[in-house]
Amino acid sequence: MPTGRIAFSSQRDGNWEIYLLETASETARRLTNDPATDAQPSLSPDGSRLAFTSDRDGNYEIYVMDTEGGAVQRLTHDVAADGYPAWSPDGSRIAFASNRDGASQIYVMDVDGSRVTRLTRGGDDDVAPAWSPEGLNVAFARDLGGGNREIYVIDNAGQGETRLTNDPAVDSSPAWSPDGAHIAFASDRHGSIELYLMATDGTGQVPVASGAGEPAAAAWSPDGAWLAVTGTAGPGAAIFIAAMDGAALTRLGGTAPGDADPSWSR
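Residues numbered from 1 in each chain as written. Predicted model: local features only at pLDDT ≥ 70, side-chain atom pairs only at ≥ 80, totals over all residues. Heavy atoms only, no water.

1. Some details on the packing of aromatic side chains
- Inspection of the entire model under this criterion finds five aromatic pairs.
- Taken together, a centroid distance of 5.8 Å and an interplanar angle of 20° make the contact between Phe52 and Tyr63 stacked. With Phe52 in strand β5 (residues 49-54) and Tyr63 in strand β6 (residues 61-66), this pair connects stretches of sequence that are eleven residues apart. Accessibility classification places Phe52 together with Tyr63 in one group, the buried group.
- Over the ring of Tyr152 we find Arg142; its NZ or CZ atom is 4.7 Å from the centre of that ring. (Phe/Tyr/Trp six-rings, centres within 6.5 Å; stacked < 30°, edge-to-face > 60°. Helix = DSSP H or I, 4+ residues; strand = E, 2+ residues; numbered from the N terminus. Buried < 20%, exposed > 50% of the residue type's maximum accessible area, 1.4 Å probe, protein only. Lys NZ or Arg CZ within 6 Å of the ring centre and 35° of its normal.)

2. Notes on the sheet that holds strand β17 (residues 182-187)
- Taken in spatial order, the four strands make up an open sheet running β16-β17-β18-β19, and their pairing is antiparallel. The open sheet is flanked by β16 (171-176) and β19 (206-208), the only strands paired with a single partner. With strand direction ignored, the average angle separating the axes of adjacent strands in the sheet is 35°.
- Relative to β19, strand β18 (residues 194-199) runs antiparallel, the two sharing three bridges. Each residue of the ladder has a partner; that of Leu197, found in β19, is Val206. (Pairing = 2+ DSSP bridges. Axes fitted to C-alpha atoms, helices over the stretch in contact; angles between N-to-C directions.)

So this is what it looks like as structure tokens:
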């Protein structure tokens, strides 16, 4: 069994909240408790803090909290919608998506919410940022219209944007492997959602894993040996894991139908 902590969102108690699963014991505890929607969790590299999206103050903003409890701190303060937080590998910054300047774009900020910097300027909706393991680049998904979404990468200064996928279907939810060699992503290019791997230059795109219906929203284990995904096998979404040696996806103990959006940390 893989080790570490997996944060996820779930409606198991009636509305969307964030939970934390200890993989060793297969037990999950609830971290947030608010009648609003709390979702899209992102664990800090050391697993001690959590960033997430919530509309508890009237519109979607980015919040952080300690995973051992304590006060929730609001990081963004904008009338637009902010979401998809992603913690940088060194724990100093958070990437996120926001439509504060029109279409959704990718931004980065310090972990206290200061020094907000816009990375992308494509004019299309950019979402789901994912850091490379050394923190130099950010992968993201761009909506090109007509049901077409592709994976792009840009450096952490907003330069050198490169398109990695090129298919008329929806390619989404990029996740960078810990060794920096691969990016996992979800795609419906063959009629149903499948999980794919590709090299970080976009080559070698191949489907991986099976057995979870339509897997999406992948998260790598810290050692790169496992992937956790949201899957629709059985009655409703749940968290599944797959060993990268080719084993089929199996439901992760301690998760249940309605669990989604895994984030994995040591």
